[in-house]
Amino acid sequence: MKTKKTREQIVNQIYVSQEDIRRLFQIGYDKAKDLYQMCDEVETEELGPWRYEHRKVRMNTLLKISQVSLDQLRQQIKNAD
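Residues numbered from 1 in each chain as written. Predicted model: local features only at pLDDT ≥ 70, side-chain atom pairs only at ≥ 80, totals over all residues. Heavy atoms only, no water.

Caption draft 1: Fine view of the overall build of the chain. Counting its regular elements, the chain contains 5 helices and 2 strands. In sequence order, the chain lays out its α and β elements as α-β-α-α-β-α-α. Over its C-alpha trace the chain gives a radius of gyration of 13 Å, about what one expects of a compact globule, namely 12 Å for 81 residues. Taken along its principal axes, the extent of the C-alpha atoms in the chain is 40 × 35 × 25 Å. Across the 81 residues that make up the chain, the buried fraction comes to 30%. Taking the contacts inside the chain whose residues are at least 6 apart along the sequence as the reference set, 43% of them involve residues at least 24 apart. Just so you have it, the chain exposes about 5,900 Å², and 50% of that area is on carbon and sulfur atoms. Averaging the positions of the 15 positive and the 13 negative side-chain charges in the chain gives two centres separated by 5 Å. (Helix = DSSP H or I, 4+ residues; strand = E, 2+ residues; numbered from the N terminus. Rg over C-alpha atoms; globule rule 2.2 N^0.38 Å. Buried < 20%, exposed > 50% of the residue type's maximum accessible area, 1.4 Å probe, protein only. Contact = heavy atoms within 4.5 Å. Areas by Shrake-Rupley, 256 points an atom, 1.4 Å probe, with all protein chains shown as cover. Lys, Arg positive; Asp, Glu negative; His and termini not counted. Charge placed at Lys NZ, Arg CZ, Asp CG, Glu CD.)

Below you can see the structure in the form of structure tokens.
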């Protein structure tokens, strides 16, 4: 059986899926889908045919779109525990 990733594990990944976004930001499916699609458009525009992961987006792109720094996100996760 596959175990669910924790927010700490997700924040340390290079690529994140739509489900990872949902769990990381603790948002619903529709909001996670919208955020993923925005990131997907940016990645397709920036990388085009050289995109490495087609079902995931880079964490850097996600942070840029959500306007949250990696340090802020890590601090938020740490304070939530």
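Caption draft 2: Seen up close, the packing of aromatic side chains. According to the stated counting rule, one finds 1 aromatic pair in the structure shown. Residues Y15 and Y52 carry aromatic rings whose centres are separated by 6.1 Å and whose planes lie at 40° to one another, so their mutual orientation is tilted. Of the two residues, Y15 is situated in strand β1 (residues 15-16) and Y52 in the loop between α3 (29-47) and β2 (57-58); the sequence distance between them amounts to 37 residues. Classification of Y52 as exposed rests on a relative accessible area of 63%. (Phe/Tyr/Trp six-rings, centres within 6.5 Å; stacked < 30°, edge-to-face > 60°.)

Caption draft 3: Quick peek at the environment of T61. Within the secondary structure layout, T61 lies in helix α4 (residues 59-66). For T61, a relative accessible area of 2% gives the class buried. A C-alpha to C-alpha distance of 17 Å links T61 and P49, two positions 12 residues apart in sequence. Once residues within four sequence positions are removed from consideration, T61 is found in contact with C39, V42 and E43. A distance of 2.7 Å separates the side chain of T61 from the side chain of E43, its partner in a polar contact. (Polar contact = N/O pair within 3.5 Å; in protein donor to acceptor, adjacent residues only side chain to side chain.)

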